[in-house]
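Fold and contact review
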Amino acid sequence: MKELLTYIIQSLVDNPDKVTVDEKKSERETVFEVRVADGDMGKVIGRQGRIVRQIRVLMKAVGQRRGQKVSVEILD
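Residues numbered from 1 in each chain as written. Predicted model: local features only at pLDDT ≥ 70, side-chain atom pairs only at ≥ 80, totals over all residues. Heavy atoms only, no water.

**Points about the overall build of the protein**
From N to C terminus, the protein includes three helices and three strands. N-terminal to C-terminal, the α/β element order of the protein is α-β-β-α-α-β. Relative to the globule expectation of 11 Å for 76 residues, the C-alpha radius of gyration of the protein, 12 Å, shows essentially globular dimensions. Projecting the C-alpha coordinates of the protein onto the three principal axes gives extents of approximately 35 × 20 × 20 Å. Taking the intrachain contacts of the protein between residues at least 6 apart in sequence as the baseline, contacts between residues at least 24 apart amount to 54%. Surface exposure of the protein reaches about 5200 Å², of which carbon and sulfur atoms provide 45%. Within the protein, the 12 negative side-chain charges are centred at a point lying 7 Å from the centre of the 15 positive side-chain charges. (Helix = DSSP H or I, 4+ residues; strand = E, 2+ residues; numbered from the N terminus. Rg over C-alpha atoms; globule rule 2.2 N^0.38 Å. Contact = heavy atoms within 4.5 Å. Areas by Shrake-Rupley, 256 points an atom, 1.4 Å probe, with all protein chains shown as cover. Lys, Arg positive; Asp, Glu negative; His and termini not counted. Charge placed at Lys NZ, Arg CZ, Asp CG, Glu CD.)

The following block contains the structure:
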């Protein structure tokens, strides 16, 4: 799942080499923390948060198929 999320984010931004995705697992949930270059933050979030909302929906669907709870956080 980390590879899928990294691929999606890198496809959206101008600086794909600056994208980092950290995976933090707990008993109940897997949290993906995404960091991008400052100029690319708006491209990942999208107008009124639409793009990041759809990324979260997609990742939750993938997680459900695997029996996991997944969340995505965009960090500064």
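**Regarding helix H1 (residues 2-12)**
Buried residues of H1: Leu5, Thr6, Ile8 and Ile9, and no others. Each buried residue of H1 lies within a common arc of 165 degrees when the element is viewed along its axis, so the set occupies one face. Pointing more than 90 degrees away from the buried face of H1 are the exposed residues Glu3 and Tyr7. Buried residues belonging to H1 abut strand S1 (20-25), strand S2 (29-35), helix H2 (41-45), helix H3 (50-65) and strand S3 (69-75). (Buried < 20%, exposed > 50% of the residue type's maximum accessible area, 1.4 Å probe, protein only. Arc of directions from axis to C-beta.)

**Some words on the environment of lysine 69**
Along the chain, lysine 69 turns up in strand S3. The exposed category is assigned to lysine 69, whose relative accessible area is 54%.

**Overview of the pattern of salt bridges**
Per the counting criterion, the structure on display carries four salt bridges. Aspartate 14 is paired through a salt bridge with lysine 43; the nearest N and O atoms lie 2.3 Å apart. Residue aspartate 14 is located in the loop between H1 and S1, and its partner lysine 43 is located in helix H2; the two are separated by 29 residues in the primary sequence. Under the relative-accessibility criterion, aspartate 14 is labelled exposed at 53%. On the basis of relative accessible area, lysine 43 is assigned to the partly exposed category, the value being 33%. (Salt bridge = Lys/Arg side-chain N within 4 Å of Asp/Glu carboxyl O.)

**Focus on the sheet that holds S1**
Strand order in the open sheet formed by three strands is S1-S2-S3, and the pairing between neighbours is mixed. Two strands bound the open sheet, and with one partner strand each, they are S1 and S3. Strand-to-strand twist in this sheet, taken as the mean axis angle between neighbours without regard to direction, amounts to 20 degrees. On top of the sheet, H3 reaches S2 and S3; it is set at about 150 degrees to S3, its chief contact. (Pairing = 2+ DSSP bridges. Axes fitted to C-alpha atoms, helices over the stretch in contact; angles between N-to-C directions.)

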